[in-house]
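So you can see what is in the structure, the chains are spelled out below.
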Amino acid sequence: MKISDGNWLIHEGLQVLYPVYVHDVQVRGKTLLVHAAPRDVSSRAYQLDTALLTLRVFSPREGVIGVRIERYQGGQPVGPNFDIAHDEDVDVQTHLGEEEATLASGSLSVRIARRGDWMIDFLRETPQSGASVVAHGRTPVRERLTGSGFRAAGHVTEASGRTHVFERLDLGVGETVYGLGERFAAFVKNGQTIDMWNRDGGTGTEQAYKNIPFYLTNRGYGVFVNHAGHVEFEVATEKVAKVQFSVPGEGLEYFVIDGPSPKQVLDRYTQLTGRPALPPAWSFGLWLTTSFTTDYDEGTVNRFIDGMHERRLPLHVFHFDCFWMRAFHWCDFEWNPETFPDPEGMLRRLKAKGLHICVWINPYIAQPSPLFAEGMTRGYLLTKPDGTVWQWDKWQPGQAIVDFTNPAASEWYAGHLRRLLAMGVDSFKTDFGERIPTDVVYHDGSDPERMHNYYAFLYNKVVYDVLAEVRGPNDAVLFARAAAAGSQQFPVHWGGDSNSTYESMAESLRGGLSLGLSGFGFWSHDIGGFENTAPAHIYKRWCAFGLMSSHSRLHGSKSYRVPWLFDEEAVDVLRHFTEWKSRLMPYLYEQSALAAQFGTPLMRAMLLEFADDRACDYLDRQYMLGGSVLVAPVFSEAGDVDFYLPEGRWTHLFTGEEVNGGRWRHERHGFMSMPIYVRPNTLLAIGADASRPDYDYADEVELRLYALDEGQRAEATVRGIDAEVQMRAAVSRATDGRLTVEIEGNDRPCTLLLHNIGGNSAVQADSIETLDTHEWVSPDGAARQVRIRIPAGLKSFSIDL
């Protein structure tokens, strides 16, 4: 909300109370309790007829400090609330001094001034540069990250009597803000007014399907506002050197989360709100759908699938969109008997072709559905305050909404999903969940304002839990659109309704990168765009981008997305990039396991990997796919693309060309290529199977070594599709150029490929006299490779360059 009218005034109709004078500070166990008044109350005469704001300062986990600001505490507790993972054993240090009170957790501390103007400072403890602190007897430096000063926080009362609590945290010079969910406007959020209110607004507006009240900055800290309902952010707008956030009611709670790197911020944030689950390996393959309002039946489906097979196009998942059910019956979870008369038999036939099956669902029940009367009778649907079922005609006629706060309603809904799973369905596209009304009554008494966003969490949790129950926790995957904080535990999420343009392709990427900086590990988008039909050149560029994404799905609205309907070259492009993604799966699945372990997204904004390179702060048309592969999609028909390479020697994945970074590059690419560069000092595991994403990654794996500098070590881990580690490899380079190769778990032969090495290579090993080596030099002499066949069981050897 807007509070200030310029620098001096307050908007008309608002009454604002600021914490100005600290009356007292108390230590309550691991908590600081602060009472602050809006004026000097040192005199007893001023201790009458005044308000007090109460602040509770605490730490839920190491490196995280929470602040709760309240005025009136007499209201009834309302939910829902985010599930915050507190560590009861966290080490918290408190201190009360004459001038200040402090609370420290790990390297993060908060300092509250007890004298003078109101001031809260959040500080990071860092050792001084140079020689060790201990050796020189120096104390660590406390760097101020952010804070709240005079008239920065407070309580607001509107003329209507509605109240809000707000906070303003400082931004430093050059500090940039990211995250706040899947947002399609500017990647850097400075200068934006952002409402945390889920809306079905497509990818071309300021609205968002996934609003997450968490941001991080390029100074290496994050802020999470612990409010499940409507949060309003003013990011360097109302006060251009501050991030302001406000919530309705009498209390506001937020957490400051230390890094010091952006990756470490995400690690701590996802410890707090939940780790992304690891999707099954098969879900990383190519998904093809019926599209939305197109005309389709079993014959159409078979023509698409057979057409993919005839053209040697790997296909791994087939998705049935809304009209697998009868019109006006969404959802009744029954196949349309006119178009799919034998669903069990059809699914058996499709699965015999090696396909996984996904079907569309939503949390709504149309009035013509037989489930409407059942749900109404049993009290499974949201009601209005007068007890009647809440209904409207947007999307479906007489549509009602399932009340997932009712355990019986959740079990009722889950029972229909179990029936579909028993039939042969493997996954669900959990569409919608954004247009949730506030004039309703929930079974458990939840506050409708807080439930508007949180509903998406409950909806997707119910579906994900059923999948995990029936298929096992390692084989559960959704395709979800709406989300709230914590929904990262139920992957995968996709970007919603895009248009078939380069602009929409770019805005989709911005949304995905923002979501990744909000704690979500896995993300997808509709290849070719959802609305309208893309020209062939856009479709082909989007295929390349889509297959170099976390998850890859061909989906449209009113037209099909099979490539031969665009042109024959589109078939080749789709095949080329689908095969490459399958070959990259040993690397991608290891990076995905790290996402599940630490909360680092598979598709990473450049600043995550290069936090100290200020040139990366604003980059939103390129990304790192995992930690070692840079991808810059092409957003033009001619193939022109500008992108930035950080310092070091980067190698193009396809051509082997090595180029120097630390600069911008302009390139022109055909449809079979785009800038895909391997990071220096990388050992990249490439698989042997280009036809599918779920295979034995360690079988005939190829380890590619790229631009290993002297004194550096490159490592690769190869997992099985059960996520268990099968093999580890490392290559170190000494100052004399000698490479030392170490391998664990190689019970089968593998290959080491050395890219662009200098000199004449002689291979030496203690256990054998020679290794099978082959050398290749590109026709222009720009690239040189040495391929070394490593027998099973060889643990180490050296290479002299």
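Residues numbered from 1 in each chain as written. Predicted model: local features only at pLDDT ≥ 70, side-chain atom pairs only at ≥ 80, totals over all residues. Heavy atoms only, no water.

## Some details on the overall build of the protein
Part 1 of the reasoning: Across its full length, the protein holds twelve helices and 50 strands.
Part 2 of the reasoning: Each of the three principal axes of the protein carries a C-alpha extent, and together these read 90 × 80 × 45 Å.
Part 3 of the reasoning: For the protein, the residues scored as buried account for 62% of the 801 residues in total.
Part 4 of the reasoning: Here the contacts in the protein between residues at least 6 apart in sequence split such that 68% fall between residues at least 24 apart.
Part 5 of the reasoning: Total accessible area computed for the protein in this model is approximately 29600 Å², and 48% of it derives from carbon and sulfur atoms.
Part 6 of the reasoning: The positive charge centre, built from 77 side chains, and the negative charge centre, built from 104, are 1 Å apart in the protein. (Helix = DSSP H or I, 4+ residues; strand = E, 2+ residues; numbered from the N terminus. Buried < 20%, exposed > 50% of the residue type's maximum accessible area, 1.4 Å probe, protein only. Contact = heavy atoms within 4.5 Å. Areas by Shrake-Rupley, 256 points an atom, 1.4 Å probe, with all protein chains shown as cover. Lys, Arg positive; Asp, Glu negative; His and termini not counted. Charge placed at Lys NZ, Arg CZ, Asp CG, Glu CD.)

## Points about the packing of helix α9 (residues 536–547) against helix α10 (residues 568–583)
Packed helices, taken two at a time, are described by the angle between their axes plus the distance between the axes.
Part 1 of the reasoning: Running from amino to carboxyl end, α9 crosses α10 at an angle of 10°, the nearest separation of the two axes being 9 Å. Taken together, the axes of α9 and α10 lie roughly parallel to each other. Within the contact between the two elements, α9 uses Y539, K540, C543, A544 and L547 and α10 uses E569, A570, V573, L574, F577, T578 and K581.
Part 2 of the reasoning: Each residue belonging to the contact of α9 with α10 can be placed in one class, and the counts come to eight nonpolar, one polar and three charged. (Axes fitted to C-alpha atoms, helices over the stretch in contact; angles between N-to-C directions. Parallel < 35°, antiparallel > 145°, perpendicular 65-115°, else oblique. Nonpolar A, V, L, I, M, F, W, Y, C, P; charged D, E, K, R; others polar.)

## Concerning unusual backbone geometry
Most peptide bonds take the trans form, and the phi angle of most residues other than glycine is negative.
Part 1 of the reasoning: Geometrically, the link from W330 to C331 is a cis peptide bond, its omega value of 0° lying close to zero.
Part 2 of the reasoning: Along the chain, C331 turns up in the loop between β23 (317–320) and α4 (343–352).
Part 3 of the reasoning: A cis geometry characterises the amide bond from P491 onward to V492, with omega recorded as 10°.
Part 4 of the reasoning: When you line up the elements, V492 lands in the loop between β28 (478–480) and β29 (493–494).
Part 5 of the reasoning: Positive phi outside glycine occurs at A236, with the angle close to 55°.
Part 6 of the reasoning: Following the sequence through the fold, A236 ends up in the loop between β19 (231–235) and β20 (242–248).
Part 7 of the reasoning: Judged by its relative accessible area of 12%, A236 falls in the buried class.
Part 8 of the reasoning: Notably, W395 is not glycine yet its phi reads approximately 80°, a positive angle.
Part 9 of the reasoning: Within the secondary structure, W395 sits in the loop between α5 (370–378) and β26 (400–401).

## Description of the packing of helix α8 (residues 502–516) against α9
Part 1 of the reasoning: Their axes nearest at 10 Å, the elements α8 and α9 cross at an angle of 15°. In this view, α8 runs roughly parallel relative to α9, as classed from their interaxial angle. Like other packed secondary-structure pairs, α8 and α9 cross with a definite hand, here right-handed. Contacts between α8 and α9 involve Y502, S504, M505, S508 and L509 from the first element and H537, I538, R541, W542 and F545 from the second.
Part 2 of the reasoning: Of the residues in the contact of α8 with α9, the class split is six nonpolar, three polar and one charged. (Left-handed = near helix turned anticlockwise from the far one by under 90°.)

## Side note on helix α2 (residues 262–273)
An α-helical turn contains 3.6 residues, so any two residues separated by three or four positions project in the same direction.
Part 1 of the reasoning: Here α2 spans 16 Å end to end across twelve residues, near enough to the 16 Å set by a 1.5 Å rise per residue.
Part 2 of the reasoning: The set of residues buried in α2 consists of P262, V265, L266, D267, R268, Y269, T270, L272 and T273. (Expected span 1.5 Å × (residues − 1).)

## Focus: the pairing of strand β10 (residues 108–113)
Part 1 of the reasoning: The buried fraction of β10 amounts to five of the six residues, a majority that puts the element mostly inside the structure.
Part 2 of the reasoning: When strand β9 (residues 100–105) meets β10, the two strands line up antiparallel, connected through six bridges. For A104, the partnering residue across the bridge sits in β10 and is S109.
Part 3 of the reasoning: With antiparallel pairing between neighbouring strands as the criterion, β9 and β10 make up a hairpin whose turn holds two residues, including G106 at a positive phi of roughly 65°. (Pairing = 2+ DSSP bridges.)

## Thoughts on the sheet that holds strand β34 (residues 623–625)
Part 1 of the reasoning: Ordered by their spatial adjacency, six strands build an open sheet running β33-β34-β35-β40-β37-β38, and the pairing between neighbours is antiparallel. Two strands bound the open sheet, and with one partner strand each, they are β33 (603–604) and β38 (658–660).
Part 2 of the reasoning: Where strand β37 (residues 649–652) and β38 come together, three bridges link them in antiparallel fashion. Across the sheet, T651 pairs through a bridge with E658, a residue of β38.

## Let's talk about the pattern of salt bridges
Part 1 of the reasoning: One pass over the full model with this rule turns up 56 salt bridges.
Part 2 of the reasoning: The shortest N-O distance in the salt bridge between E98 and R115 comes to 3.6 Å. Residue E98 is located in the loop between β8 (92–96) and β9, and its partner R115 is located in the loop between β10 and β11 (120–126); the two are separated by 17 residues in the primary sequence.
Part 3 of the reasoning: A salt bridge links R665 to E667, with the shortest nitrogen-to-oxygen separation between them at 2.9 Å.
Part 4 of the reasoning: We classify E667 as buried; its relative accessible area is 10%.
Part 5 of the reasoning: Through salt bridges that share partners, D200, D431, E434, R435, R481 and D497 make up one connected network. (Salt bridge = Lys/Arg side-chain N within 4 Å of Asp/Glu carboxyl O.)

## Remarks on the environment of A153
Part 1 of the reasoning: Looking at the secondary structure, you find A153 in the loop between β12 (141–148) and β13 (154–157).
Part 2 of the reasoning: Owing to a relative accessible area of 3%, A153 belongs among the buried residues under this scheme.
Part 3 of the reasoning: As a C-alpha pair, A153 and I69 span 84 residues in sequence and 8.8 Å in three-dimensional space.
Part 4 of the reasoning: In this structure A153 touches L17, Y18, P19, I69, S148, F166 and E167, once residues within four positions along its chain are discounted.

## Observations regarding the sheet that holds β19
Neighbouring strands of a sheet are bound in pairs by backbone hydrogen bonds; such pairs are parallel or else antiparallel.
Part 1 of the reasoning: Reading across from one edge, β3-β13-β14-β20-β19-β16 is the order of the six strands in this open sheet, with antiparallel pairing throughout. Whereas interior strands pair on both sides, the edge strands pair on one side only; in this sheet they are β3 (15–17) and β16 (192–196). This sheet shows a mean twist of 20° between the axes of neighbouring strands, independent of strand direction.
Part 2 of the reasoning: Alignment of β16 against β19, held across five bridges, turns out to be antiparallel. In the strand pairing of β19, T193 is matched with E234.

## Focus: the nonpolar core
Part 1 of the reasoning: F224, F320, W335, Y413, F428 and L752 are the most contacted members of the largest nonpolar core, which totals 203 residues.
Part 2 of the reasoning: Among the elements that make up this core, the one with the highest residue count is helix α7 (residues 448–471) (twelve residues).
Part 3 of the reasoning: With 43 residues, the next largest nonpolar core counts L32, L103, L145 and V165 among its residues. (Core = buried A, V, L, I, M, F, W, Y, C linked by side-chain atoms within 4.5 Å.)

## With respect to α4
Part 1 of the reasoning: Every buried residue belonging to α4 is among P343, G345, M346, L347 and L350, and all of these are buried.
Part 2 of the reasoning: Residues of α4 that are buried make contact with α3 (298–310), β23, β24 (356–361) and α6 (407–423).
Part 3 of the reasoning: Residue G354 follows α4 closely and has a positive phi angle near 85°.

## Re the packing of aromatic side chains
Part 1 of the reasoning: Inspection of the entire model under this criterion finds 51 aromatic pairs.
Part 2 of the reasoning: Seen in terms of ring centroids, Y215 and F233 are 6.2 Å apart; in terms of plane orientation they differ by 90°. Their pairing is edge-to-face. Here Y215, found in strand β17 (residues 214–217), pairs with F233, found in strand β19; they are 18 residues apart in sequence, far enough to count as distant.
Part 3 of the reasoning: Residue Y215 is classed as buried on the basis of its relative accessible area, which comes to 1%.
Part 4 of the reasoning: Taking relative accessible area as the criterion, F233 reaches 0% and is therefore assigned buried.
Part 5 of the reasoning: Measuring from centroid to centroid gives 5.7 Å for F284 and Y589, while their planes differ by 90°, and the two rings are edge-to-face. (Phe/Tyr/Trp six-rings, centres within 6.5 Å; stacked < 30°, edge-to-face > 60°.)

## A word on the pairing of strand β21 (residues 251–258)
As a general feature of sheets, a regular strand has side chains that alternate between the two faces.
Part 1 of the reasoning: Within β21, eight of the eight residues are buried, which leaves the element mostly enclosed by the surrounding structure.
Part 2 of the reasoning: Residues G251, E253, F255 and I257 of β21 are buried on one face, and the alternating residues L252, Y254, V256 and D258, pointing to the opposite face, are buried as well.
Part 3 of the reasoning: In terms of strand pairing, strand β7 (residues 64–70) meets β21 through seven bridges, oriented antiparallel. Looking at the pairing, E70 lines up with G251 of β21.
Part 4 of the reasoning: Alignment of strand β18 (residues 221–225) against β21, held across five bridges, turns out to be antiparallel. Each residue of the ladder has a partner; that of V225, found in β21, is Y254.

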